[in-house]
Amino acid sequence: MYDVVIIGAGPGGMTAALYAARSNLSVLMLEKGLPGGQMNNTAEIENYPGFESILGPDLSMKMLAGTEKFGVELKHDTVEKIENGGSIKIINGLNEMYQARTIIIATGAVHKMLGVKGEDSYSGMGVSYCAVCDGAFFRNKELLVVGGGDSAVEEAIYLTQFASKVTIVHRRDTLRAQKILQERAFNNEKISFEWNAVIEEIKGNQMKVTSVQLKNPKNDQSKEITADGVFIYVGLDPITQPFTSLGIVNDNGWIRTDERMRTTIPGIYAIGDVREKVLRQVTTAVGDGSIAGQEAYKYIEENSKINV
Ligand code: FAD
Ligand code: NAP
């Protein structure tokens, strides 16, 4: 039995682990992929205080080292379901079953799909959701990036180091991304824009993408433009499927907490991108994690007094 089981070892989960372990609690982090979460898919992080710029995987390893220093255990497992047994909570992983006094949910979110014809069939053959993973395959090629948020604009800039041309396809005529990213994109001569454009179909020969069919939703005009690759950044879906039976997930799929990261179930907390919140960043995930780590300590302390 652990004092705290943390589900997900992104920046949120690793910070919660650090805070809980420094309060002398026994802490297990369960991670289905690589520790670091979305940071592993980010080339450069420029808005994490203390680092002028740091590679996402490097920041991941530094955060992990911090948890190891204080004895946090890390296991590779995928959590499928949790059960609220009151003072003892059950976590069902694919590999093992675990017991905990408290649970911190830090499962983050995954990229959304566009849901257009050709997206599925050319996935991995020109359609990608990760510039850091696949960008280098497109040296001197022409790429499209779909979306107008931070991810689309930042990754479009990143892709210009490989591609000969990057076109950002956005469904409106103004970007949602931070101003500094917008300015960089507007000033980058390899980047151009298709405004008021949605993708209707991604086309190709059998093995690779060759073009996309665009439509202007304002006047319904269509055109086909050539492309060797399409990078899709149209937002995120929270990973909450293992927790739906607990009744803590809102209608849009996010987990609602109070400012102490408490869900409606005592001893179960949610932090980071999976939480209903206004800003999804490394800094905000880390902030949530520190609060939850501390709250888990208080909860265990208060409940052990009651049980004495
Ligand atoms: P995540 O980082 O998503 O980590 C969640 C972890 O939980 C993952 O490792 C996942 O494998 C694991 N997990 C999920 N389900 C399970 C399960 N059932 N069982 C076990 N493990 C599970 N933010 C910035 O501040 N600066 C940036 O420059 C920046 N760039 C970004 C670029 C891109 C392309 C993207 C997509 C995001 C970027 N962000 C950036 C946002 C930032 O990465 C996230 O806000 C942050 O990583 C959220 O942290 P988290 O710990 O909540 O979740
Ligand atoms: P996002 O902010 O939700 O933006 C999604 C973009 O995709 C929006 O421009 C949206 O258009 C567009 N879109 C949504 N559905 C679409 C569809 N079906 N067809 C076409 N376009 C569609 O998502 P994100 O950019 O992935 O960012 C997610 C979170 O990570 C944010 O909190 C962001 O701040 C954070 N992040 C931060 C950084 C950084 O700090 N450097 C970098 C990356 C991500 P509309 O604008 O019209 O809605």
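Residues numbered from 1 in each chain as written. Chains lettered and ligands numbered in written order. Predicted model: local features only at pLDDT ≥ 70, side-chain atom pairs only at ≥ 80, totals over all residues. Heavy atoms only, no water.

Right, let's talk about the overall build of the chain for a bit. Secondary structure assignment for the chain yields six helices and 19 strands. Expressed along its principal axes, the backbone C-alpha trace of the chain runs to roughly 70 × 40 × 35 Å. The proportion of buried residues among the 308 residues of the chain is 51%. Excluding contacts between residues fewer than 6 apart, the proportion of contacts in the chain whose partners are at least 24 apart in sequence is 58%. For the chain, the accessible area works out to roughly 15300 Å², and carbon and sulfur atoms hold 49% of it. (Helix = DSSP H or I, 4+ residues; strand = E, 2+ residues; numbered from the N terminus. Buried < 20%, exposed > 50% of the residue type's maximum accessible area, 1.4 Å probe, protein only. Contact = heavy atoms within 4.5 Å. Areas by Shrake-Rupley, 256 points an atom, 1.4 Å probe, with all protein chains shown as cover.)

Take the domain arrangement of the chain next. Parsing the chain into structural domains produces domain 1 (2–110 + 236–307) and domain 2 (127–232). Between the C-alpha centres of domain 1 and domain 2 there is a distance of 33 Å. At the junction of the two partners, domain 1 supplies eight residues and domain 2 supplies eight residues. When the two sides are added together, the surface that domain 1 and domain 2 hide from each other amounts to roughly 470 Å², 44% of it contributed by carbon and sulfur. Contact with domain 2 buries area across many residues of domain 1, yet N41, A43 and E46 alone supply 64% of it, more than any other trio. Where domain 1 touches domain 2, the interface holds one salt bridge. Of the charged contacts, one joins R184 and E46 as a salt bridge, the two residues approaching to 2.8 Å between their closest N and O atoms. The interface formed by domain 1 and domain 2 includes one residue pair in polar contact (both at pLDDT 80 or more). Residues that form the side of domain 1 that touches domain 2 fall into these classes: one nonpolar, five polar and two charged. (Domains from an automatic or database assignment. Buried area = accessible area lost by both parts, 1.4 Å probe. Salt bridge = Lys/Arg side-chain N within 4 Å of Asp/Glu carboxyl O. Polar contact = N/O pair within 3.5 Å; in protein donor to acceptor, adjacent residues only side chain to side chain. Nonpolar A, V, L, I, M, F, W, Y, C, P; charged D, E, K, R; others polar.)

Right, let's talk about the site of ligand 1 for a bit. Contacts to ligand 1 come from 34 residues, most closely from E31, Q38, N47, D273 and V282. Within the backbone of Q38, one N or O atom sits 2.9 Å away from an oxygen atom of ligand 1. When the free accessible area of ligand 1 is taken as 1000 Å², the share hidden by the protein chains comes to 93%. Of all the elements in the fold, those that place two or more residues in the shell around ligand 1 are helix 1 (11–22), strand 2 (27–31), strand 3 (44–45), helix 4 (150–159) and helix 6 (282–307). (Near = heavy atom within 4 Å.)

If you trace the three strands from one edge of the open sheet to the other, you get 14-15-16, paired in antiparallel fashion. Since the sheet does not close on itself, it has two edges, and those belong to strand 14 (198–204) and strand 16 (222–226), each with one partner. The sheet shows a mean angle of 25° between the axes of neighbouring strands, taken without regard to direction. Where strand 15 (residues 209–215) lies against strand 16, five bridges are found, and the strand directions are antiparallel. Bridge pairing in strand 16 links V212 to I225. (Pairing = 2+ DSSP bridges. Axes fitted to C-alpha atoms, helices over the stretch in contact; angles between N-to-C directions.)

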